Amino acid sequence: MINYRGLAIPFVSFGNVTSDDLFCDKEQEIFDFYEAAGKAGRYKCALDIGANIGVHTMLMARQGWEVESYEPDPEHCRVAQQCFDNHPKEFWPLFLRQVAVSDHDGKETFVRVKGNTTGSHIKGDKQPYGELEEFEVFVVNCRPLFDW
C-alpha cells in the first residue's frame, strides 16, 4: 500500500510496470497542477479518460471537482473502485464507467498489453508489443463528454 498525499493506493502489478511507477517526476508535475488549480478555484469538473486505477481521479476529486472517469480494462476498474470505496465519500463527486472513449458509440476490440497494461488500447490505435490479450469493450463517443 502506498500512502500518497493522504490517499491509500494499493500496490498493483501492470505486468513489467507497477503502481509505484504512477508517481514518477512527470506525474508529480501534473499532481501539483491539480492542487494549484484547486486552490485557485479554476475548475469544477474533469474527465479522466483512461483512468487506470483512479489516482488522477482521486486527486482531482479531492479538489472538489466533479470527476467522470472512463476505463475499459475490467481489472483496472475493479482496483479503482476499491480505491474509491476506501476513502471518505465527501471527496467523491465522481463517476466511474467501464468503457473506452473514442469518436463513436458502439463496441471495439480492446488490446491488453500483458507486459504493461497501462499501454493497453483499442485495436488499431497503437503498434502493440509483447504478449497480448484481446476482448470486446463498449465504446462511448467523446463529443458529448466534452460538452459536459
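These figures come from a predicted structure and were not determined experimentally.

**Q** Requested: an account of helix 3 (residues 74-85), with residues and values cited.
**A** Taking 1.5 Å of rise per residue, the 12 residues of helix 3 would be expected to cover 16 Å, and the 16 Å separating its terminal C-alpha atoms lies within 8% of that figure. Those residues of helix 3 lying buried are His76, Cys77, Val79, Ala80, Cys83 and Phe84. Projected onto a plane normal to the axis of helix 3, the buried residues spread over an arc of 165 degrees and lie on a single side. In this structure, the buried side of helix 3 is in contact with strand 2 (7-9), helix 2 (55-61) and strand 5 (94-97). The N-terminus of helix 3 is capped by Asp73, whose side-chain oxygen sits 2.8 Å from the backbone nitrogen of Glu75.

**Q** So, helix 1 (residues 25-40): which residues are in play, and what are the values?
**A** The first and last C-alpha atoms of helix 1 sit 23 Å apart over 16 residues, in line with the 22 Å expected at 1.5 Å per residue. Taken as a whole, helix 1 has its buried residues at Gln28, Phe31, Tyr34, Ala37 and Gly38. Phi for Gly41, located one or two positions after helix 1, is positive at around 65 degrees.

**Q** I'd like a description of the sheet that holds strand 4 (residues 66-70), backed by residues and values.
**A** Read from one edge of the open sheet, three strands run 3-4-5, paired in parallel fashion. Pairing within the sheet leaves two strands with one partner each, and these edge strands are strand 3 (45-49) and strand 5. Neighbouring strand axes in the sheet, compared pairwise and without regard to direction, differ in orientation by 10 degrees on average. Note: strand 3 against strand 4, five bridges, orientation parallel.

**Q** Before we move on, can you summarise the sheet that holds strand 7 (residues 106-113) with the specific residues and values?
**A** Taken together, four strands build an open sheet; the order of strands is 6-9-7-8 and the sheet is mixed. What marks the edges here is a single partner per strand, and that holds for strand 6 (100-102) and strand 8 (121-122). Here strand 6 runs beside strand 9 (residues 132-141); their pairing, made up of three bridges, is parallel. Looking at the pairing, Val101 lines up with Val140 of strand 9.

**Q** Please provide a residue-by-residue account of the pattern of salt bridges, values included.
**A** In total, this model carries eight salt bridges according to the counting rule given. A salt bridge links Arg5 to Asp32; the shortest N-O distance between them is 2.7 Å. Taken together, the residues Arg5 in the loop between strand 1 (2-4) and strand 2 and Asp32 in helix 1 connect sequence positions 27 residues apart. The class for Asp32 is partly exposed, based on a relative accessible area of 43%. Of the charged contacts in the structure, one is a salt bridge between Arg112 and Asp73, with a shortest N-O distance of 2.9 Å. Pair noted here: Arg112 is in strand 7 and Asp73 is in the loop between strand 4 and helix 3, with a separation of 39 residues, a long-range link. On the basis of relative accessible area, Asp73 is assigned to the buried category, the value being 1%.

**Q** Outline the pairing of strand 3, supporting the account with residue identities and numerical values.
**A** Along any regular strand the residues' side chains alternate between the sheet's two faces. In strand 3, alternate side chains face the same way, and those of Ala46 and Asp48 are buried while those of Cys45, Leu47 and Ile49 on the opposite face are not. Between the parallel elements strand 3 and strand 4, the chain passes through helix 2 in a crossover that is right-handed.

**Q** So what's going on with the nonpolar core? Which residues, and what values?
**A** Core analysis: the largest hydrophobic core is formed by 27 residues, its most contacted members being Ile9, Phe23, Ile53 and Val55. Those elements that place two or more of their residues in this core are strand 1, strand 2, helix 1, helix 2 and helix 3. Sequence-distant contacts of Val55, that is, excluding residues within four places in its chain, are made with Ile9, Leu22, Phe23 and Phe31. Among the nonpolar cores identified, the runner-up in size contains six residues, and Val99, Val140, Cys142 and Leu145 belong to it.

Criteria and thresholds
- Residue indices follow the written sequence of each chain, beginning from 1 at its first position.
- Totals for whole chains, interfaces and linings use all residues, but because this is a predicted model, local features are given only for residues with pLDDT of at least 70 and pairs of side-chain atoms are given and counted only at 80 or more.
- Side-chain measures were taken over the full set of non-hydrogen atoms in the model, leaving aside hydrogen atoms and water.
- A run of H or I in DSSP counts as a helix once it spans at least four residues, and a run of E counts as a strand once it spans at least two, with each numbered from the N terminus.
- Each residue after the first adds 1.5 Å to the expected span of a helix.
- Exposure categories follow from relative accessible area, calculated using a 1.4 Å probe and restricted to protein chains: below 20% of the type maximum is buried, above 50% is exposed, and the middle band is partly exposed.
- To be clear, the arc concerns the directions from the helix axis to the C-beta atoms.
- We call two residues in contact whenever any of their non-hydrogen atoms come within 4.5 Å of each other.
- Think of a polar contact as two N or O atoms within 3.5 Å of one another; within protein, one of them needs to be a possible hydrogen donor and the other a possible acceptor, and neighboring residues in sequence only count if both atoms come from side chains.
- Paired strands, as defined in this entry, are two strands with at least two bridges between them according to DSSP.
- As a rule, the C-alpha atoms of each element are fitted with a line to give its axis, helices using only the stretch in contact, and angles between N-to-C directions run from 0 to 180 degrees.
- For this analysis, a salt bridge means a side-chain nitrogen from Lys or Arg found within 4 Å of a carboxyl oxygen belonging to Asp or Glu.
- We call a crossover right-handed when, viewed with both strands directed away from the observer, the connection leading from the first strand over the helix to the second proceeds clockwise.
- The nonpolar core is taken to be a set of buried Ala, Val, Leu, Ile, Met, Phe, Trp, Tyr and Cys residues, with the residues joined through side-chain atoms within 4.5 Å.

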